[in-house]
Amino acid sequence: MGLDLKVGFLGAGKMALALAKGIVQAGLVRAENIVASDPVEAARAAFSKETGAHSTASNVEVVKGARILIVAVKPDHVAELLAEVKGQLTSQHLLISIAAGVPLSRFETDLSAQTRVIRVMPNTPALVGASAAGFALGKAATAEDGQLAQKIFSAVGIAYQVKESLLDAVTGLSGSGPAYAFLLIEALSDGGVAAGLPRDVATRLAAQTLLGSAKMVLETGMHPGALKDMVTSPGGTTIEGIHELERAGVRGALISAVRAATEKSKRLGQS
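Report follows, based on the coordinates. Given the structure is predicted, the values throughout are model-derived calculations rather than measurements.

## A few points about the overall build of the chain
Counting its secondary structure elements, the chain contains 12 helices and 8 strands. Along the three orthogonal principal directions, the C-alpha set of the chain runs to about 70 × 35 × 30 Å. The burial tally for the chain puts 38% of its 271 residues in the buried class. Sequence separation of at least 24 residues holds for 64% of the intrachain contacts in the chain that already meet a minimum separation of 6. Summed over all atoms, the accessible surface of the chain reaches about 14,800 Å², with 59% contributed by carbon and sulfur. Here the chain contributes 26 positive and 24 negative side-chain charges, whose respective centroids are spaced 2 Å apart.

## So, the nonpolar core
Ranked by internal contacts, the top residues of the largest apolar core, which has 34 residues, are Phe9, Phe47, Ile96 and Ile152. Those elements that provide at least two residues to this core are strand S1 (7–10), helix H1 (14–25), strand S2 (34–37), strand S4 (68–71), strand S5 (94–97), strand S6 (116–121), strand S7 (131–137) and helix H6 (143–154). Considering each element in turn, this core owes the most residues, 6 residues, to H1.

## Some remarks on the packing of aromatic side chains
Per the stated rule, a full pass over the model turns up 1 aromatic pair. When the centroid spacing of 5.7 Å and the interplanar angle of 55° are considered together, the rings of Phe9 and Phe47 count as tilted. Taken together, the residues Phe9 in strand S1 and Phe47 in helix H2 (residues 41–51) connect sequence positions 38 residues apart. An identical accessibility class is assigned to Phe9 and Phe47; each is buried.

## Things to note about the sheet that holds S1
Spatially, S3-S2-S1-S4-S5-S6-S7-S8 is the arrangement adopted by the 8 strands of the open sheet, whose pairing is mixed. Strands at the two margins of the open sheet, each flanked by one partner only, are strand S3 (54–56) and strand S8 (157–161). Each strand axis lies, on average, 20° off the axis of its neighbour in the sheet, ignoring direction. When S7 meets S8, the two strands line up parallel, connected through 5 bridges. Its bridge partner lying in S8, Phe135 is registered against Gln161. Sitting on the sheet, H2 touches S1, S2 and S3, and the angle it makes with S3 is about 170°.

## Regarding the layout of surface pockets
In this structure, the second largest pocket spans a volume of roughly 730 Å³. Forming the walls of the second largest pocket are 29 residues, and the residues nearest its centre are Gly11, Ala72, Val73, Lys74 and His77. Of all the secondary-structure elements, those providing two or more residues to the lining of the second largest pocket are H1 and helix H4 (78–85). Residue composition of the lining of the second largest pocket, by class: 16 nonpolar, 8 polar and 5 charged.

## A look at helix H9 (residues 199–220)
Helix length check: H9, at 22 residues, gives a terminal C-alpha distance of 31 Å against a target of 32 Å (1.5 Å per residue), a fit within 8%. Just past H9, the residue Gly221 takes up positive phi, approximately 75°.

## Digging into the packing of helix H8 (residues 177–194) against H9
Taken N-terminus to C-terminus, the directions of H8 and H9 make an angle of 135°; their axes are 8 Å apart at the nearest point. As summarised for this structure, H8 and H9 are arranged oblique, according to the angle between their axes. For the pair H8 and H9, the sense of crossing is right-handed. Of the residues in H9, those touching H8 at Ala181, Leu184, Ile185, Glu186, Leu188, Ser189, Asp190, Gly192 and Val193 are Arg199, Ala202, Thr203, Ala206, Ala207 and Leu210. Grouping the amino acids of the contact of H8 with H9 by side-chain chemistry returns 9 nonpolar, 3 polar and 3 charged.

## Notes on the environment of Ser233
Here Ser233 is to be found in the loop between helix H10 (224–231) and helix H11 (237–247). C-alpha of Ser233 to C-alpha of Lys215: the two residues are 18 residues apart in sequence and 21 Å apart in space.

## Some words on the environment of Ala133
Following the sequence through the fold, Ala133 ends up in strand S7. Of the residues examined, Ala133 reaches a relative accessible area of 6% and is grouped as buried. Along the primary structure Ala133 and Leu104 are separated by 29 residues, whereas in three dimensions their C-alpha atoms are 16 Å apart. Residues in contact with Ala133, not counting those within four places in the same chain, are Val120, Met121, Pro122, Ile158, Ala159 and Tyr160.

Cut-offs used in this document
Residues numbered from 1 in each chain as written. Predicted model: local features only at pLDDT ≥ 70, side-chain atom pairs only at ≥ 80, totals over all residues. Heavy atoms only, no water. Helix = DSSP H or I, 4+ residues; strand = E, 2+ residues; numbered from the N terminus. Buried < 20%, exposed > 50% of the residue type's maximum accessible area, 1.4 Å probe, protein only. Contact = heavy atoms within 4.5 Å. Areas by Shrake-Rupley, 256 points an atom, 1.4 Å probe, with all protein chains shown as cover. Lys, Arg positive; Asp, Glu negative; His and termini not counted. Charge placed at Lys NZ, Arg CZ, Asp CG, Glu CD. Core = buried A, V, L, I, M, F, W, Y, C linked by side-chain atoms within 4.5 Å. Phe/Tyr/Trp six-rings, centres within 6.5 Å; stacked < 30°, edge-to-face > 60°. Pairing = 2+ DSSP bridges. Axes fitted to C-alpha atoms, helices over the stretch in contact; angles between N-to-C directions. 1 Å grid on protein atoms, 1.4 Å probe; cavity = no way out; pocket = protein on both sides within 12 Å on 5 of 7 lines; lining within 4 Å. Points joined across faces, edges and corners; volume = space filled by probe spheres on them. Nonpolar A, V, L, I, M, F, W, Y, C, P; charged D, E, K, R; others polar. Expected span 1.5 Å × (residues − 1). Parallel < 35°, antiparallel > 145°, perpendicular 65-115°, else oblique. Left-handed = near helix turned anticlockwise from the far one by under 90°.

So far we have only geometry, and geometry alone does not tell us how the molecule works.
The following block contains the structure:
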């Protein structure tokens, strides 16, 4: 991915802004080689201010000025966008869509079967450089296209290539997962307050505990169960807490949450 590569964002919302900042800070693309379009003036102004890149109200201008196009509009705006830019697209363009729930077939049908397109499911921690994303290649996308998408989304976290049929599971796990984590942080903070801690201290301790635990999983490569056992001394405080969590069915509830969100994502994709 050369610094002279031109990258265009169709949509200049928060996720587009996070990705643009990430690839610039990672040294993948120069800010002057990025352009974004958005109908909302405030969004364009924020994008340019935060990234140093150009912004415009014209989607066609972005398509003409960039080879890599990141589709970052709301899902219900995708059809209108594709109809607008279809005549400007060439075989040199690669479309990377982060429009939730919009299948690859929509792009390949509305544009052409030869359109190089990649579908990505990132999550909101991309806003702080800690995204967990899954992506799938369209029929015409090449291995090199996949490597490029990997680099772009690795600039704001981690990314894994999967079959498109598994993107619903990615949605149920890491797409919806931040909400589960926020719920856990809030509940742990409530527990700390119930035990006498000030709210601000309890919340920061809870958040840092989840952050540190996640880093241990990622950096040690150890199984979460093994790391759990390292904390759980015989007859100690932790096993008492775990017993309460197991009795309340927390583990099963989290598994069910991921499965329910996955099924909902499948239904939305069919509508």
